[in-house]
Each structure stands twice: as C-alpha cells, then as structure tokens.
Amino acid sequence: LERSGPRPRPPRFPRLALTGRPMRIVALAGGTGAAKLLRGLDALVPPRTLTIVGNTGDDALIWGLHVSPDLDTVCYTLGGWIDEDRGWGLHGESFRTLGEMVRFGEPTWFNLGDRDLATHLHRTRLLREGQTLTEVTAKIAQDLDVSHAVLPMSDQSVRTCVRGPDGWLGFQEYFVREKTQVEVLEVNYAGANVALPAPGVVEAIASAHAVIVCPSNPITSIGPILAVPGIARALEATDAVVLAVSPIVGGQAVSGPAGRLMAACGFEVSALGVASAYAPWLDILLVDNQDRALTPSIEAAGIRTIVTETVMRGREGEIALARRALEALA
Ligand code: FO1
C-alpha cells in the first residue's frame, strides 16, 4: 500500500533554554482534528519528543473485531496511510468484504474497509492472546512506521455512551449509525470508574515539560481520557505547561457533534465553554481569530489566551498551528 503523502521530516525543533535538551511533550488526542495537529507537530519536533495518549472511549466491537478508531486515525495519519478526504481509514480503500457481509445479515452501517480490516484482525488476535491494548497499540504503531510513543488512555474497557429519547447508544451507534441525529440527553463513560490509566500515561504527564490537548471533542474525545481515574489528577499535579486548542470556533464545532454534546453536558458552546471544561488544570488556550472577543472572560478564569488561526487548512495550516502551540509553550 502506497502512502497517501510524503512524511515531512523535522527541520527544527524546540529545545529547553537551560539544558538544550529536547522538550518532552504529551498530547491528549481524539481522532481527525488531533491527528492533523500531531502531523503538524511531527514536522517540527523529533518523534521521540512526543508521547500521544489516545482516546479509546469510541472503540467498538464490529463483527467480533476490536476497532480503535481514534488510535488508528492517529497512526494512519502519522504513518502517512490515512484517507485524507474522509479523515479516517486507509487511503485507496475498498469495501468488498462489507458488501459480502450483507449476505450474512451482519450489520453494515460501520464501514470497515478491506485493508483497514487487517489492522482490526491483527489487533483482535493479539488481544485474544492476552496482550494488553498498550502492547498491541505500540506494535501496530511500529508496523505502521510511527515512531512516536502512542498509548491508549487505558487497557481496560471505557465506552462512551449517549442517552437519547429511546435509551442508551454506544458512541459509534450514535455517531455513525444514527448520524448524530438523536437528541442527546446524557453522556456516560461506561467502565471508567474501574479503569486504570494505561502504563506510562500518568508517568508521561508527570515528567512532561508540556501537555497539548488537541482540538478534539471535549465530551467524547478528551472527556473519556479525563474520566479515567488519575489522569485529570495528573494534569492538575504536573509541572508541565498544559495547553489546549479550542475545537469550537465562532460558537460551532470545527467538525462533528461537539457543540451539541457540550450543550447536552451543560457547557456553553464556545471557546469559553472549552476553557471551563478544562479549567482545573489548563494554563493556555489557543482560540480562533473569530473568538478574540472571548479573551477577557477566558483570562478572567486564569487561563492565558492566545488568538490565532486554529482551523488547519492543508499541511501548512497544521504546521502553522503546531508552531504557534510550541511558541506558546517555549
Ligand atoms: N466514520 C463514519 O462517519 N462512518 C463510518 O462508517 C466509519 C467507519 C470507520 C471505520 C474505522 C475507523 O477507524 C473509523 C471509522 N469512522 C467512521 C470514523 C469514526 O467513527 C470516528 O472518527 C471516531 O470514532 C470519532 O473520533
């Protein structure tokens, strides 16, 4: 399989002023928006600088296979395999197996591609043989030529569920099968109360110089990570500077249902709402030029606010936003 594009290699990267050593950065990541910022960072900092903690709240069992959409989106993007138009799955994908599954009456609302299937078959076999999701994710990342440390938020099952008028839905049922056209009354992270942070997650946050919360859905991408006991506490306790990029621009989500989900969870749908969701541990928030007027209210909450272009257009946009974040952290 050909890559979808060349991997830009790091021309320069920030070093700590005093020691001259590279910074240690942890990124909390959901799917497509996060992957784009991570690709921007990849162009600026050496891969070993960056530890990525991925959301697994939207993992699902499809045809008996363990699918980890956000971990895969991050790895496919950093490895250069992503379908750029969809923002998920592999480029040059075909869906012949999906077509055949119709014959057997299997659900076909979740579009698993023929090539993508290889990842899920491999992950499922390794998990069934007793390896942890942390171990399996590291192997898959390596095999996809991703040299960053990619960690799931937890090795235990945490599943984001959405309650609509007719009851609870798994996240993918809500997002893909129902196309988010269900009124959201409540969001829950099933299993989070008994989950543990994956090995290395709390340690990485504790020893980082900086944490970047990617422009991902605060409720269904970052929310599940924070729901794992110990992770939010690690963010509060770390000496690292914690920076987030608002995924809400001009009162709307850049993509997806983040706005409706934030409203359902009682947050204002704005960069200020993002700031209040992250307030206990956030130091810096990058907000879009359109949201400049919110700066005083966000700063009043003790959060340094940087106004910039946050919508990433093309590779240049990804690198520009990543550079802005690194400058803010320097
Ligand atoms: N998103 C869709 O909108 N429709 C799909 O059929 C779909 C399939 C799919 C298969 C593998 C995968 O890794 C991701 C897939 N996604 C699909 C994206 C996924 O639902 C979302 O990106 C995340 O769960 C939200 O971050």
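The structure this text deals with has already been given above.
The structure reproduced in this document is the subject of the present report. In this text, all values refer to a predicted model and were calculated from it rather than measured experimentally. (Residues numbered from 1 in each chain as written. Predicted model: local features only at pLDDT ≥ 70, side-chain atom pairs only at ≥ 80, totals over all residues. Heavy atoms only, no water.)

Side note on the sheet that holds strand β7 (residues 167-170)
Our working definition: Strands pair, by our definition, only if DSSP identifies at least two bridges between them. Secondary structure elements follow DSSP: runs of H or I of four or more residues count as helices, runs of E of two or more count as strands, with numbering from the N terminus. Angles here are taken between N-to-C directions and fall from 0 to 180 degrees, while the axes themselves are lines fitted to C-alpha atoms, restricted in helices to the stretch in contact. Every residue pair with non-hydrogen atoms within 4.5 Å of one another is taken to be in contact.
Taking strand neighbours across the sheet as the criterion, the three strands line up as β7-β6-β8 in an open arrangement whose pairing is antiparallel. Looking at the sheet topology across the chains shown, the edges are occupied by β7 and β8 (186-190). The sheet shows a mean angle of 30 degrees between the axes of neighbouring strands, taken without regard to direction. Seen against the sheet, helix α8 (residues 218-227) touches β6 (159-164) and β8 and runs at an angle of roughly 45 degrees to β8.

Here we look at the nonpolar core
This is how it is decided: We define the nonpolar core as a collection of buried residues of types Ala, Val, Leu, Ile, Met, Phe, Trp, Tyr and Cys that are connected through side-chain atoms lying within 4.5 Å of one another. We call a residue buried when its accessible area falls under 20% of the maximum for its residue type, exposed when it is over 50%, and partly exposed in between, using a 1.4 Å probe and counting protein chains only.
Judged by nonpolar contacts, the single largest core of 50 residues is most densely connected at Leu28, Val211, Tyr278 and Leu285. Aside from chain neighbours lying at most four places away, what touches Leu285 is Ala244, Val245, Ser246, Ala271, Val274, Ala275, Ile298, Ile303, Arg304, Thr305 and Ile306. Among the nonpolar cores identified, the runner-up in size contains 43 residues, and Leu50, Ala210, Ala325 and Ala328 belong to it.

Concerning the state of the cysteines
Just so we agree on the cut-off: Disulfides are defined as cysteine sulfur pairs within 2.5 Å.
Using the criterion set out here, one finds zero disulfides in the structure. Cysteine Cys161 shares no disulfide, and the gap to the nearest cysteine sulfur, in Cys265, comes to 13 Å. A relative accessible area of 17% means that Cys161 is categorised as buried. Distance from the sulfur of Cys214, which forms no disulfide, to the nearest cysteine sulfur (Cys75) is 13 Å.

Some thoughts on the pattern of salt bridges
The test is simple: Salt bridge criterion: a side-chain nitrogen from Lys or Arg within 4 Å of a carboxyl oxygen from Asp or Glu.
Considering all chains together, one arrives at 13 salt bridges under this definition. Of the charged contacts in the structure, one is a salt bridge between Glu84 and Arg315, with a shortest N-O distance of 3.3 Å. With Glu84 in the loop between α2 (69-79) and α3 (96-103) and Arg315 in helix α13 (residues 314-329), this pair connects stretches of sequence that are 231 residues apart. With relative accessibility at 39%, the residue Glu84 sits in the partly exposed group.

Here we look at the sheet that holds strand β1 (residues 25-29)
Here seven strands make up an open sheet; going across it, the order is β5-β2-β1-β9-β10-β13-β14 and the pairing parallel. The open sheet is flanked by β5 (149-152) and β14 (304-308), the only strands paired with a single partner. Ignoring which end each strand starts from, the neighbouring axes of this sheet average 20 degrees apart.

Focus: the environment of Asp283
Rules: Throughout this description, a polar contact denotes any pair of N or O atoms lying within 3.5 Å of each other; where both atoms belong to protein, one of them has to be capable of donating a hydrogen while the other can accept it, and for residues adjacent in sequence the pair is counted only when both atoms sit in side chains.
Positionally, Asp283 belongs in the loop between α11 (271-278) and β13 (284-288). Overall, Asp283 belongs to the partly exposed group, its relative accessible area being 34%. Taking the C-alpha atoms as reference, Asp283 lies 5.2 Å from Ile303; in sequence the two are 20 residues apart. Asp283 has contacts with Ala240, Val241, Val242, Gly302, Ile303 and Arg304, leaving out every residue within four places of it along the chain. Separated by 2.7 Å, the side chain of Asp283 and the backbone nitrogen of Val242 make a polar contact.

As for the site of the ligand
Heads up, the condition is: Whether a residue is near a molecule or strand is decided by its heavy atoms; if any one of them lies within 4 Å of it, the residue is near. Each accessible area is a Shrake-Rupley result for a 1.4 Å probe, and residues are judged covered by the shown protein chains and nothing else. The rule is simple: put a 1 Å grid over the protein atoms alone, call a set of points where a 1.4 Å probe fits but cannot get out a cavity, call an open set with protein on both sides within 12 Å along at least five of seven lines a pocket, and count a residue as lining if it has an atom within 4 Å of a point. Placement in a cavity or pocket follows one criterion, namely that more than half of the molecule's atoms lie within 2 Å of its grid points.
The environment of the ligand is made up of 13 residues, and the closest members are Asp58, Asp70, Phe110, Asn111 and Gln172. The contact in question runs from an oxygen atom of the ligand to an N or O atom on the side chain of Asp58, over 2.7 Å. Measuring from an oxygen atom of the ligand, one finds a side-chain N or O atom of Asp70 at 2.8 Å. Here the ligand, which alone exposes 530 Å², has 88% of that area covered by the protein. With respect to the pocket detection grid, the ligand is positioned in the largest pocket. Listing elements by their share of the shell around the ligand, those giving two or more residues are α2 and α6 (171-177). Take the shell around the ligand: its biggest share by element is four residues, from α6.

Section: the layout of surface pockets
Formally: Grid points are joined across faces, edges and corners, and a volume is the space filled by probe spheres set on the points. When residues are sorted by character, Ala, Val, Leu, Ile, Met, Phe, Trp, Tyr, Cys and Pro go into the nonpolar class, Asp, Glu, Lys and Arg into the charged class, and all the rest, Gly among them, into the polar class.
As a volume, the largest pocket reaches approximately 1100 Å³. Lining the largest pocket are 50 residues, with Gly31, Thr32, Gly87, Trp88 and Phe175 sitting closest to its centre. When contributions to the lining of the largest pocket are tallied by element, the ones reaching two or more residues are α1 (32-42), α2, α4 (114-128), α6 and α8. Residue composition of the lining of the largest pocket, by class: 22 nonpolar, 19 polar and nine charged. Quantified by volume, the second largest pocket comes out at close to 170 Å³. Every residue lining the second largest pocket is counted, eleven residues in all, and those nearest its centre are Tyr76, Thr119, Ile140, Asp143 and Leu144. Where the lining of the second largest pocket is concerned, the elements lending two or more residues are α4 and α5 (133-143). With four residues, α4 is the largest single contributor of residues to the lining of the second largest pocket. Grouping the constituent residues of the lining of the second largest pocket by class yields seven nonpolar, two polar and two charged.

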